[in-house]
Amino acid sequence: MNLFGRQWRLPSSRLAQLGSLHILNDGFLASYLLLLPFIARSQHLNLTQVGSLGTVISAASIVLALPAGYLAAKFGGLRTLVAALFVYATGMLGAGVFGHYYWLLVVFGLGGIGFGVFHPIAFALIAKWSVKETRGRAMGNFTAIGDVGRIGISAALSFVVAYIGWQNTALVYATVALVAAVVFYRFLRSQQDTSSQEKKVAGPPMALRAIAKNRRFVLAMAASACDGFASASLYVFLPFLLLKRGVSPAFLGTFTGAFFVGNLLGKVMLGRTVDKLGSIKVFIASEILMAGFIFMLANSTALPVIVFCAVVLGAFTKGTLPVLQAMLSESVEHHGNFEKAFGLSALVASTAVTVAPFVLGFVSDKLGIIPAFNVMAVVALCAIVPATGYALSRPNPIRS
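None of the values given here were measured: they were computed from a predicted structure.

Quick look at the overall build of the protein chain
- Counting secondary structure elements, the protein chain contains 18 helices and zero strands.
- When each of the 400 residues of the protein chain is scored for burial, the buried share is 53%.
- Within the protein chain, contacts between residues separated by at least 24 positions form 85% of all contacts whose residues are at least 6 apart in sequence.
- Surface accessibility of the protein chain: about 17200 Å² in total, with carbon and sulfur atoms responsible for 68%.

Laid out in structure tokens, this is it:
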């Protein structure tokens with residue numbers, strides 16, 4: 001993957017910093033969640049308490065989606081992301097020091113604050129720094145880089161915990177992240193003013209209400225919400241479906257690795273396809289294929305078909321992320337200011353992703369796991385409706 005190739009508006013050093021921050025962000029986010037089983041065992045937490053710690057992190061993405069855009073516009077995107085690194089590193093440090101449940105709620109909340117601001121700002125920077133003709137590839141490569149951290153940093157955590165315990169592991173991870181934050185901060189200080197460079201490629205300020213009146217942007221957000229609802233919970237419920245179909249529990253771990261590899265490949269390949277065919281065609285085709293494979297996965301009794309569908313869906317469930325980011329950036333391309341737009345879209349998408357597990361869990365309890373997967377497939381098909389409206393709508397420049 002060549003994230004630092006041609007047709008960028010800023011030097012590759014900026015892209016290298018952003019890519020490195022993405023690796024750390026996604027790797028540490030996954031590490032926070034992987035600590036939960038070890039914390040629960042040592043602190044005798046029940047599943048409700050464990051779920052509360054996980055919710056504190058995910059809920060922050062909803063609360064901070066809009067403020068993230070304002071912070072980036074005011075202080076500069078990279079500076080804000082370095083500050084976020086310091087915040088979630090401090091949270092990890094607190095997790096290693098304080099083991100009591102109520103203290104853990106506070107320190108996991110700090111982690112959520114750091115993680116919550118990252119993606120709206122990062123996608124806005126990629127949209128501003130890239131050239132429209134190659135933005136799909138840029139988004140695909142960038143989103144895939146986060147999987148490098150998720151697979152590498154988080155994968156090492158369980159091995160470290162086995163040797164030194166979860167609290168010492170948290171302290172080691174926190175130290176690494178804090179040192180990285182200091183290095184990034186000093187590097188930014190040694191360069192030209194980052195925020196001024198970002199403003200050179202940004203458009204004039206625009207009101208949030210003006211963005212919401214942009215028909216194409218609203219339709220892109222609606223498509224993103226449907227896609228997120230359909231795809232975000234698939235990985236959560238997939239093990240239960242596989243067990244129902246007779247897959248051995250020992251084999252479930254293999255699906256985890258295959259699923260993440262599919263995520264990475266899907267982001268790269270679909271992102272590149274956007275530059276050739278356009279975001280709308282790629283998105284509609286992806287949603288149709290995703291819905292079809294979910295239907296097959298849920299309703300087939302043949303184990304080879306189930307295995308094949310589960311692996312392929314790894315590419316489509318996350319592969320649409322760069323496609324959607326390209327759609328969103330296209331809808332406000334004429335204005336050139338992406339911070340508030342990506343903040344608002346993150347708010348809508350995060351809400352859909354947060355609601356989905358509760359709705360699908362309720363359906364599973366009442367009707368069974370297979371109907372829940374059929375609901376995912378139907379919602380994926382529903383994403384085609386706003387996407388088609390997006391394709392039929394003419395760009396409508398918004399005024400601040």
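Quick notes on the confidence of the model for the protein chain
- When the pLDDT values of the protein chain are averaged, the result is 79; 84% of them are 70 or greater.
- Predicted confidence for residues 199–204 stays below pLDDT 50, and this span has 13 contacts to residues more than four positions away or in other chains.

Section: the environment of Leu 78
- In this fold, Leu 78 is placed in helix H4 (residues 77–97).
- When the C-alpha positions of Leu 78 and Leu 125 are compared, they lie 8.5 Å apart, and in sequence the two are 47 residues distant.

Comments concerning the nonpolar core
- Leu 18, Phe 28, Leu 85, Phe 108, Leu 297 and Phe 373 are the most contacted members of the largest nonpolar core, which has 110 residues in total.
- At eleven residues, the largest contribution of residues to this core is made by helix H15 (residues 303–331).
- Each residue touching Leu 297, except ones within four places of it in the same chain, is listed here: Leu 238, Leu 241, Ile 306, Cys 309, Ala 310, Leu 313 and Phe 373.

Details of the packing of aromatic side chains
- This structure, assessed with the given rule, holds ten aromatic pairs.
- Centre to centre, the rings of Tyr 32 and Phe 108 are 5.2 Å apart; their planes meet at 85°, and the pair counts as edge-to-face. In this pair, Tyr 32 sits in helix H1 (residues 12–43) while Phe 108 sits in helix H5 (residues 101–116), placing the two residues 76 residues apart along the sequence.
- Ring plane angle 65° and centroid distance 5.2 Å describe the contact between Tyr 101 and Tyr 102, whose orientation is recorded as edge-to-face.
- Of the residues examined, Tyr 101 reaches a relative accessible area of 12% and is grouped as buried.
- Judged by its relative accessible area of 57%, Tyr 102 falls in the exposed class.
- Through pairs of rings, three or more aromatic residues link up here, namely Phe 28, Tyr 32, Tyr 88, Phe 108, Phe 115 and Tyr 173.
- Seen from the ring of Tyr 390, Arg 216 lies directly overhead, with NZ or CZ sitting 4.2 Å from the centre.

Definitions and limits used
- Residues numbered from 1 in each chain as written.
- Predicted model: local features only at pLDDT ≥ 70, side-chain atom pairs only at ≥ 80, totals over all residues.
- Heavy atoms only, no water.
- Helix = DSSP H or I, 4+ residues; strand = E, 2+ residues; numbered from the N terminus.
- Buried < 20%, exposed > 50% of the residue type's maximum accessible area, 1.4 Å probe, protein only.
- Contact = heavy atoms within 4.5 Å.
- Areas by Shrake-Rupley, 256 points an atom, 1.4 Å probe, with all protein chains shown as cover.
- pLDDT = per-residue confidence, 0-100.
- Core = buried A, V, L, I, M, F, W, Y, C linked by side-chain atoms within 4.5 Å.
- Phe/Tyr/Trp six-rings, centres within 6.5 Å; stacked < 30°, edge-to-face > 60°.
- Lys NZ or Arg CZ within 6 Å of the ring centre and 35° of its normal.

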